[in-house]
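# Understanding the architecture of this molecule
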Amino acid sequence: GVTSNWNNLFLEPHFSYFDGNEWHSYTSTQIPSFKNEWDLLNIAINPKNPKDVTFCSYVSGIFKVLGDSVIHYDQHNSELKNIFSADNNYVRVGGVTVDKNGVTWMNNSEIPDGGILALTQENKWVRYNYNFAKNKHSQGMILSTKNGFKWSFFPIHNKGLFVWDDNKTVEN
């Protein structure tokens with residue numbers, strides 16, 4: 001979670017889901033990669049594979065849940081960047097979505113090179129550098145529409161919406 005000014009609350013990650021018959025709840029006890037991580041903000045479910053679920057964190061990057069396995073992406077194993085030059089884990093991702101083609105889109109706040117990223121189904125990272133998004137304190141939720149447009153918002157400071165179209169060519 002975050003405060004109304006988009007500062008961290010440092011809440012331990014947890015989530016629940018209903019499988020049609022009963023509720024299941026998960027914390028760092030069931031998912032060890034959640035241990036010492038904080039502030040889950042959004043969830044995105046791959047429309048091509050509902051067992052592919054991505055959570056974003058405003059401290060810890062993203063967590064991709066694929067069935068029973070969890071991959072934690074941060075500055076060490078992805079194109080996501082830490083907001084500080086020191087090697088602490090402070091990777092701010094304020095929004096994540098998965099488009100109809102199964103591409104995972106996310107923003108990476110407070111970094112100098114614009115912070116919109118895509119992770120293809122082939123696990124290739126693609127970075128988009130947009131001047132207006134450089135070093136912005138907060139970037140919020142991302143939505144993907146049927147026509148392929150992605151919408152993201154800036155909730156504080158330079159408030160506004162950002163809409164982009166990858167023209168169905170994520171990598172160019």
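Residues numbered from 1 in each chain as written. Predicted model: local features only at pLDDT ≥ 70, side-chain atom pairs only at ≥ 80, totals over all residues. Heavy atoms only, no water.

## Quick notes on the pairing of strand β5 (residues 61-66)
Side chains on a regular strand alternate between the two faces of the sheet. The element β5 is extensively covered by neighbouring structure, given that five of its six residues are classed as buried. Relative to β5, strand β4 (residues 49-57) is paired through six bridges, and the arrangement is antiparallel. Looking at β5, one finds that Thr 54 is bridged to Lys 64. Turn length for the β4-β5 hairpin, with the two strands adjacent in sequence and antiparallel, is three residues. The pairing of β5 with strand β6 (residues 69-73) spans five bridges and is antiparallel. Across the sheet, Ile 62 pairs through a bridge with Tyr 73, a residue of β6. (Buried < 20%, exposed > 50% of the residue type's maximum accessible area, 1.4 Å probe, protein only. Helix = DSSP H or I, 4+ residues; strand = E, 2+ residues; numbered from the N terminus. Pairing = 2+ DSSP bridges.)

## Notes on the environment of Tyr 26
Of note, Tyr 26 is situated in strand β2 (residues 23-26). Under the relative-accessibility criterion, Tyr 26 is labelled partly exposed at 24%. Contact partners of Tyr 26, with chain neighbours within four places excluded, come to Pro 13, His 14, Phe 15, Tyr 17 and Ile 31. (Contact = heavy atoms within 4.5 Å.)

## Section: the nonpolar core
One recurring pattern in soluble globular proteins is that nonpolar side chains are buried together. Ranked by size, the top nonpolar core spans 13 residues in total, and within it Ile 62, Tyr 73, Leu 80, Val 93, Met 106 and Trp 125 carry the most contacts. Where this core is concerned, the elements lending two or more residues are β7 (96-98) and β9 (116-119). What Met 106 contacts, discounting residues up to four positions off in sequence, is Ile 62, Leu 80, Val 93, Gly 95, Val 96, Gly 115, Ile 116, Leu 117, Leu 119, Trp 125 and Ile 142. Counting residues in each nonpolar core, the second largest holds twelve residues, with Ala 133, Ile 142, Phe 162 and Trp 164 among its members. (Core = buried A, V, L, I, M, F, W, Y, C linked by side-chain atoms within 4.5 Å.)

## Some details on the sheet that holds strand β13 (residues 160-165)
On the basis of which strands lie adjacent, the open sheet formed by three strands has the order β11-β12-β13 and antiparallel pairing. Every interior strand has two partners, whereas the edge strands, β11 (142-144) and β13, have only one. Within the sheet, the average angular offset between the axes of one strand and its neighbour, ignoring direction, is 20°. Examined bridge by bridge, strand β12 (residues 149-154) and β13 share six bridges and lie antiparallel to one another. (Axes fitted to C-alpha atoms, helices over the stretch in contact; angles between N-to-C directions.)

## So, the confidence of the model for the protein
Put simply, the protein has an average pLDDT of 86, and 96% of its residues get 70 or more. Averaged pLDDT values over the elements of the protein bottom out at 83 in β13 and peak at 95 in β7. (pLDDT = per-residue confidence, 0-100.)

## So, the sheet that holds β7
Pairing in this open sheet of four strands is antiparallel, and the strands run β7-β8-β9-β10 from one edge to the other. Two strands lie at the open edges of the sheet, namely β7 and β10 (125-128), each paired on one side alone. Across the sheet, the mean angle from the axis of one strand to that of its neighbour is 20°, orientation sign disregarded.

## Brief notes about the packing of aromatic side chains
Scanning all chains against the criterion turns up 13 aromatic pairs. Each ring, one from Phe 15 and one from Tyr 26, has its centre 5.2 Å from the other, and the planes form 20°; the classification is stacked. One end of the pair, Phe 15, is in strand β1 (residues 15-18); the other, Tyr 26, is in strand β2, and eleven residues separate them in sequence. Pairing Tyr 73 with Trp 125 gives two aromatic rings, centres 5.3 Å apart and planes at 75°, and the pair type is edge-to-face. Placement of Tyr 73 in strand β6 and of Trp 125 in strand β10 is noted, with a sequence separation of 52 residues between them. (Phe/Tyr/Trp six-rings, centres within 6.5 Å; stacked < 30°, edge-to-face > 60°.)

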